[in-house]
Amino acid sequence: MRKVKYLIVGQGIAGTVLAHSLEDENIDFHVIHQQQPGESSSIAAGIINPITGKHFVKSWQVDLLLPFARKKYEYWEEKLKIKFYDSRIIYRSIHDVAEQNDWLSKTADPSVKHYISDYKEITEYKWLNNAPLGYGQTVGAGQVKWHDFLIKSRDHWIKKGFYTNAKFNYNELKWTKDAVEYGSFIADQIIFCEGYFMKNNPWFNYLPLEGAKGEALLVKLEKVKLDAILKHKFFLVPFSENIFWAGATNKWEFNHSLPDAEDVAYLENEVTRMLRIPHKFTETLVGIRPTVRDRRPIIGRHPVHPRLLLFNGLGTKGTSLAPYWANHFVEYLKFNSALSKEVNISRFKYK
């Protein structure tokens, strides 16, 4: 049997960031993961957006989360010798005078004014077909190219012998008062980072985690340079050379993880209306995001089986949430410190 401190099940946004956070503290771990249809992390746009919603409100705890996330992503870039993080401006289309006035009033609001700049015409993007009353500028935003970060992290841990590419079988997990056993591993504790697929977990599926199915398109645009993120009815985000991520839809009721024709047609139509240059749709992306009813992560220890832990529920804000809360969780594991009540699994009644 191979002994490790922690087994981590899942290598999406949550599992990847948690594993790096443990590794940075020289804490022993092993990741078990096999990619499956519907995973949202590898196809995510990776947007860090400090201002959200139709009323231009500041995202939850953004003043704390953003500087921490930026520092961590830049550190992991250096660690892995890869570029996957970029600071971005988000240009958000202003549709009417009332919205324009709301935006301008926010520029004088002390709580958000350092994230909001005056609206402007984007004359440098002549390939855009619709600029209603100009675009509001959100500063301090960012983007993580998760596809690249996940693959590089996986390869890094495979080389170190910290990774098993296999689907986790719940029936094979055993535990005693001293350890958990799985396959050839014996660990002090096991941490589940399964995203939406936590719904299949027999120990944590009592939690109110739901899935939001989202679809996005990859769009090829020749001779177009875009270093910012555009937000109209959806986001248009740099993805790779001449390829842009457009999306995403949001569907709460679904019965499969395949593309839905009506959603794909809607996105294609909106992209075509937005652009005045030739373009080609190269791929449809589908993912199911893990969402919690109070829009907060769910982190902590199983109320009956203390060697089973959870780090999940990051949802659409996972890129900005993951580094800070992973660090918070690691401190809890190291020092038995208190978990924040806002994210603690104990806020939901065990059934």
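Each remark here, short or long, concerns the structure printed above.
Description of the structure in this document. (Residues numbered from 1 in each chain as written. Predicted model: local features only at pLDDT ≥ 70, side-chain atom pairs only at ≥ 80, totals over all residues. Heavy atoms only, no water.)

1. Description of the layout of surface pockets
Take a probe with the size of a water molecule and roll it over the atoms, and the empty space left behind shows itself.
Consideration 1: Put simply, the second largest pocket is a space of about 230 Å³.
Consideration 2: Those elements that place two or more of their residues in the lining of the second largest pocket are helix 4 (146–160) and strand 9 (163–165).
Consideration 3: The leading source of residues in the lining of the second largest pocket is helix 4, at four residues.
Consideration 4: Here the residues of the lining of the second largest pocket are counted per class, giving three nonpolar, eight polar and two charged. (1 Å grid on protein atoms, 1.4 Å probe; cavity = no way out; pocket = protein on both sides within 12 Å on 5 of 7 lines; lining within 4 Å. Points joined across faces, edges and corners; volume = space filled by probe spheres on them. Helix = DSSP H or I, 4+ residues; strand = E, 2+ residues; numbered from the N terminus. Nonpolar A, V, L, I, M, F, W, Y, C, P; charged D, E, K, R; others polar.)

2. Quick look at unusual backbone geometry
What is expected of a backbone is that most residues other than glycine have negative phi and most peptide bonds are trans.
Consideration 1: A cis amide bond links G247 to the next residue, A248, at an omega of 5°.
Consideration 2: Mapped onto the elements of the fold, A248 is located in the loop between strand 16 (243–247) and helix 5 (261–274).
Consideration 3: Its identity is not glycine, yet F56 carries a phi of approximately 55°, on the positive side.
Consideration 4: With respect to the helices, strands and loops of the structure, F56 is situated in the loop between strand 4 (51–52) and strand 5 (57–58).
Consideration 5: Here F56 falls in the buried class, since its relative accessible area comes to 0%. (Buried < 20%, exposed > 50% of the residue type's maximum accessible area, 1.4 Å probe, protein only.)

3. Focus on the pairing of strand 16
Consideration 1: For strand 16, the tally of buried residues reaches five of five residues, placing the bulk of the element in the interior.
Consideration 2: In strand 16, alternate side chains face the same way, and those of I243, W245 and G247 on one face and F244 and A246 on the other are all buried.
Consideration 3: Across five bridges, the pairing between strand 13 (residues 209–220) and strand 16 is antiparallel. Directly across from L217, in strand 16, lies its bridge partner A246.
Consideration 4: One ladder, built from five bridges, connects strand 15 (residues 235–240) with strand 16; its direction is antiparallel. Pairing of F235 across the sheet is with G247, part of strand 16.
Consideration 5: In sequence, strand 15 turns back onto strand 16 through a hairpin of two residues, with N242 there showing a positive phi of about 65°. (Pairing = 2+ DSSP bridges.)

4. Considerations on the packing of aromatic side chains
Consideration 1: Within this structure, the stated rule accounts for 29 aromatic pairs.
Consideration 2: Relative to W157, the ring of F29 lies with its centre 5.8 Å away and its plane at 85°, an arrangement referred to as edge-to-face. Separated by 128 residues along the polypeptide, F29 in strand 2 (residues 29–33) and W157 in helix 4 bring together distant segments of the chain.
Consideration 3: Residue F29 is classed as buried on the basis of its relative accessible area, which comes to 1%.
Consideration 4: On the basis of relative accessibility, which here comes to 0%, the residue W157 falls in the buried class.
Consideration 5: Relative to F197, the ring of Y196 lies with its centre 5.8 Å away and its plane at 65°, an arrangement referred to as edge-to-face.
Consideration 6: Ring pairs connect the aromatic residues F168, Y170, W175, Y182, F192, W203 and F204, which therefore count as one cluster.
Consideration 7: Above the ring of F235, the side-chain terminus of K231 is found at 5.4 Å from the ring centroid. (Phe/Tyr/Trp six-rings, centres within 6.5 Å; stacked < 30°, edge-to-face > 60°. Lys NZ or Arg CZ within 6 Å of the ring centre and 35° of its normal.)

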